[in-house]
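This is what each chain is made of:
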Protein chains: 2
Amino acid sequence: MHEHFMRIAIEEAKKGIGAVNPNPLVGAVIVKNNKIISVGHHEFYGGPHAEVNALKNLESVEGATLYVTLEPCSHFGKTPPCTELIIKSKIKTCIVGTLDPNPLVSGRGIKQLKDAGIEVIIGVLENETKNLNRVFFKYIQNKIPYIFIKCGITLDGKIATKNFSSKWITNSLAREKVEKYRNFFSGILVGANTVIQDNPSLRCKVSNHRNPYRLILDKDLIIDEKYSIINNNSDCKTFIITLDKNIKTKKFQELKEKFSINFITFSKEENLMDILSKIGSYNIDSVLVEGGSSVLSLFFKESLFDGGEIIIAPKILGDNSAIPFLNGFSPNLIDEGINLENVKFNIYDNNVGVEFYKEDGCLPV
Amino acid sequence: MHEHFMRIAIEEAKKGIGAVNPNPLVGAVIVKNNKIISVGHHEFYGGPHAEVNALKNLESVEGATLYVTLEPCSHFGKTPPCTELIIKSKIKTCIVGTLDPNPLVSGRGIKQLKDAGIEVIIGVLENETKNLNRVFFKYIQNKIPYIFIKCGITLDGKIATKNFSSKWITNSLAREKVEKYRNFFSGILVGANTVIQDNPSLRCKVSNHRNPYRLILDKDLIIDEKYSIINNNSDCKTFIITLDKNIKTKKFQELKEKFSINFITFSKEENLMDILSKIGSYNIDSVLVEGGSSVLSLFFKESLFDGGEIIIAPKILGDNSAIPFLNGFSPNLIDEGINLENVKFNIYDNNVGVEFYKEDGCLPV
């Protein structure tokens, strides 16, 4: 019974995908006499919490049960604490999916509810409710974005032919899934060579989407206004990540002033983790790393990923001059290679996605 | 109802896997008053047919229904025609899965039964009954063996590290499936380099198995008695396929006389199809092509395969000096590569098999 209503609360929470980052996804369901009388979810960043949305416009919820995927907040943030509202509303029982890892909240919300005489049950569908907020749970701790790797490859591990033809390796169903990822994560990161080869828009095609931040790793500042992500930047969401020595160049100044490009700069001494930390400082809680080969290899080499999905098409290029998915390692034994863990498979007609995570659990995409 | 009993007949037929080649897999079920009174299958090459096994030891089957996966034979082969026996037994109805493509049989068996007043229904679970005998149907036509490609690769399309380490790429569940293939096909083919690198036994580890023929493509006769497939040949199932210029060498004669190695020789002018035709002449109706890279590439390049399964492990070698799954093509566009068709996926815990066929349908493995 509890699981049934919690499952509905989880579906409610998912309605916030793409809109709430870097806040958590939260859903709430209010049940009275075994009937749902209201539902609510956290709808947009800084907006009212799920509990508030579920409780609003209700005359009396005295004696009702509140199902909420994440521990109710007990502090003043962008909105007043939810615990106060719940106590005032005379909810009798509060069923919580998972505790909030936010040190400002964790356990305190539960304590306030219990102190007010509300019965509290914790951990109903705990894994599923945790999965809603793998991104939030990581980002809240040290402001390093959640990193998810996405790539479409042939059966023989290639991402393009020798002359960079790559349209299309994966099928339309698989590409639809990629759009869902683009809606889910706050930013997309690609290398400068991918921009030069493909001139991608890096927009999201999901309806009612928001576009992700476009992050271009371009240490030598080789891209210019020819490319769509530069000349089509009216939303000011393009970031170029480049070496600090380029700050003084005319191109840097022009791109910044004429095209409102944001820059993240780093010194030769700084590493990928330093760069991720700088990305995180812009409220970008999660990054979808899309390619190309050298960018993907960098993230795998440094083991700086939380998860990913590699989508395989049943095609063979069979050409050692074709562009490989990854490169730059040199293991002697199979076990010295990278072993992806917590693997699951997604079948898209004749394509298969290999989804993997560093930690147990998965994303609600 | 018909499908229910035909499904049981199909399961009966599968009991002959590994034992009947190059004969077909056939299962039969006899039903009277809606109850199964007998089952039978074709048990071994040249042995009694499924119908005979189902009918033996029964007192009376007058008025009963016979379900048989393949059209009953009407000619004297290694055994007398089944149609005679069926007519004599006073079976009332005969339900047939699929017609026999064998020009000696096709349609004639059905005609004999009908002429004798037996009601005949054809095409119950036609696809599934056809799938039992994809190998037989191909081989009967022109004596070219059915070719199935099997390979275990990393996510980035490699079959070994730069120094040929390949143990183990795939997991134990996937390797169990490979043993089933080794039991299903009459022969296994590998290249001489695979013998030199891995010294494989090329035996089948399935219980109650028969070992397949071991076919080594070794045009320059570089392997010798050091290797298991040579010095462990008491069943005389090792074949070496080599250029005819090697016939005169001392090694050729020694391997033939001392180790009872069979040789298939070919001239420089002959191609892979000629070689397959010679393999077929030894009653080898099907070959599992297991590797290595250059042998697999040869079969893909000439498009001489009927199906295959590539099993992918979630491992990354990321090394362009590692041994690639395939090589030697050079397409400019994605669509100029090989497109595998009729794809289905088999999940083995954290490995995934990509099974594919030139023609619609699949094997009963």
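All values derive from a computational prediction rather than experimental measurement. Think of each chain on its own: its residues are numbered from 1, step by step along the sequence as written. Think of it this way: whatever chain is written first is A, whatever ligand is written first is 1, and the rest follow in order. Since the coordinates come from a predicted model, pLDDT governs what is reported: local features require at least 70, and pairs of side-chain atoms require 80 or more to be given and counted, while whole-chain, interface and lining totals use all residues. For side-chain calculations, the full set of non-hydrogen atoms in the structure is used, while hydrogens and water are omitted.

Q: Help me understand the interface of chain A and chain B, please; the structure alone is not making it clear to me.
A: The extent of an interface is frequently quoted as the accessible surface area lost upon association of the parts. Taken together, the 46 residues of chain A in the interface contact 46 residues of chain B. Summed over both partners, the accessible area (1.4 Å probe) lost when two parts come together is defined as the buried area. Summed over both partners, the interface of chain A with chain B buries about 3,800 Å², with 63% contributed by carbon and sulfur atoms. Ranking the residues of chain A by area buried against chain B places Leu155, Ile316 and Ile334 of chain A at the top, with a combined share of 20%. Here, a salt bridge means any side-chain nitrogen of Lys or Arg that lies within 4 Å of a carboxyl oxygen of Asp or Glu. Where chain A touches chain B, the interface holds 0 salt bridges. N or O atoms within 3.5 Å of each other form a polar contact, as long as, within protein, one can give a hydrogen and the other can take it, and as long as residues adjacent in sequence are counted only when both atoms are side-chain atoms. Linking chain A with chain B are 20 residue pairs in polar contact (both at pLDDT 80 or more). To qualify as a helix, a DSSP run of H or I must reach at least 4 residues; to qualify as a strand, a run of E must reach at least 2; elements of each kind are numbered from the N terminus. Looking at the side of chain A that touches chain B element by element, the count peaks at 3 residues for strand E18 (residues 351-357) of chain A. By residue class, the composition of the side of chain A that touches chain B is 23 nonpolar, 16 polar and 7 charged. Strand pairing requires that DSSP identify at least two bridges connecting the strands. Examined bridge by bridge, strand E14 (residues 315-316) of chain A and strand E16 (residues 338-339) of chain B share 2 bridges and lie antiparallel to one another. Between two residues, a contact is recorded if the distance between any of their heavy atoms is within 4.5 Å. Polarity classes work like this: nonpolar for Ala, Val, Leu, Ile, Met, Phe, Trp, Tyr, Cys and Pro, charged for Asp, Glu, Lys and Arg, and polar for all others, with Gly in that last group.

Q: Looking at this structure, I do not really get the sheet that holds strand E6 (residues 146-154) of chain B. What am I missing?
A: The pairing of strands in a sheet happens through backbone hydrogen bonds and is either parallel or antiparallel. Residues and elements named next belong to chain B. The 9 strands lie next to each other as E11-E10-E9-E8-E12-E6-E13-E18-E17, forming an open sheet whose pairing is mixed. Edge strands, defined here as strands with exactly one partner in the open sheet, are strand E11 (262-266) and strand E17 (344-348). The average undirected angle you get between the axes of adjacent strands in this sheet is 20 degrees. Pairing of E6 with strand E12 (residues 286-291) involves 4 bridges; the strand directions are parallel. Looking at E12, one finds that tyrosine 146 is bridged to serine 286. Structural elements are reduced to axes, namely lines fitted to C-alpha atoms, with helices fitted over the stretch in contact, and the angle between N-to-C directions of any two is expressed from 0 to 180 degrees.

Q: Would you mind going over the UniProt feature "domain: CMP/dCMP-type deaminase" (unreviewed entry) in chain A with me for this structure?
A: UniProt positions are given in the numbering used here, feature names are shortened, and annotations may be inferred rather than shown by experiment. With numbering matched to this structure, UniProt assigns "domain: CMP/dCMP-type deaminase" (unreviewed entry) to residues 1-112 of chain A. For residues 1-112 of chain A, helix accounts for 28% and strand for 22%, while the C-alpha atoms at its two ends are 25 Å apart.

Q: Just to check I follow, could you spell out the sheet that holds strand E1 (residues 27-32) of chain A for this structure?
A: All names here are of chain A. Taken together, the 5 strands give an open sheet; going across it, the order is E2-E1-E3-E4-E5, and neighbouring strands pair in mixed fashion. For this open sheet the edge positions go to strand E2 (35-41) and strand E5 (119-122), each flanked by a neighbour on one side alone. Strand-to-strand, the axes of this sheet are offset by a mean angle of 15 degrees, without reference to chain direction. In this structure, strand E4 (residues 93-98) lies alongside E5, joined through 4 bridges in parallel fashion. When the sheet's bridge partners are listed, valine 96 is paired in E5 with isoleucine 122.

Q: Sorry if this is basic, but what is going on with the pairing of strand E13 (residues 307-313) of chain B here?
A: On a regular strand, each side chain points to the face opposite its neighbour's, so the side chains alternate between the two faces of the sheet. Residue and element names in this part refer to chain B. Using a 1.4 Å probe on the protein chains alone, a residue whose accessible area is under 20% of its type maximum counts as buried, one over 50% counts as exposed, and one in between counts as partly exposed. By the criterion of burial, E13 is predominantly enclosed, with 7 of the 7 residues buried. The two faces of E13 match: Gly307, Glu309, Ile311 and Ala313 on one face and Gly308, Ile310 and Ile312 on the other face are all buried. Alignment of E6 against E13, held across 7 bridges, turns out to be parallel. Its bridge partner being in E13, lysine 150 is matched across the sheet by glutamate 309.

Q: Sorry if this is basic, but what is going on with the environment of serine 286 of chain B here?
A: All names here are of chain B. Its location among the elements puts serine 286 in strand E12. Classification of serine 286 by relative accessible area gives buried; the value is 0%. In sequence terms serine 286 and phenylalanine 329 are 43 residues apart; their C-alpha atoms lie 26 Å from each other. The residues contacting serine 286, other than those within four sequence positions of it, are Asn21, Val135, Pro145, Tyr146, Phe184, Phe185, Ser186 and Gly187. Looking at serine 286, its side chain comes within polar contact range of the main-chain nitrogen of serine 186, at 2.9 Å.

Q: Mind showing me how you'd approach the nonpolar core here?
A: Note on soluble globular proteins: their nonpolar side chains tend to be buried together. Throughout, nonpolar core names a set of buried Ala, Val, Leu, Ile, Met, Phe, Trp, Tyr and Cys residues whose side chains join them through atoms within 4.5 Å. Among the nonpolar cores identified, the biggest contains 86 residues, and Phe300 and Phe325 of chain A together with Phe300 and Phe325 of chain B are the most heavily contacted of them. Residues Met6, Tyr146, Phe184 and Phe185 of chain B belong to the second largest nonpolar core, which totals 25 residues.

Q: Any chance you could explain the pattern of salt bridges here in plain terms?
A: Side chains that differ in sign of charge can pair as their charged atoms come close. Residues and elements named next belong to chain A. Within the structure shown, the criterion is met by 32 salt bridges over all chains. Notably, a salt bridge pairs lysine 14 with glutamate 11, separated by 3.3 Å at the nearest N-O pair. Pair noted here: lysine 14 and glutamate 11 are both in helix H1 (residues 2-14), with a separation of 3 residues, about one helical turn. With a shortest N-O distance of 3.8 Å, aspartate 220 and lysine 245 are connected by a salt bridge.

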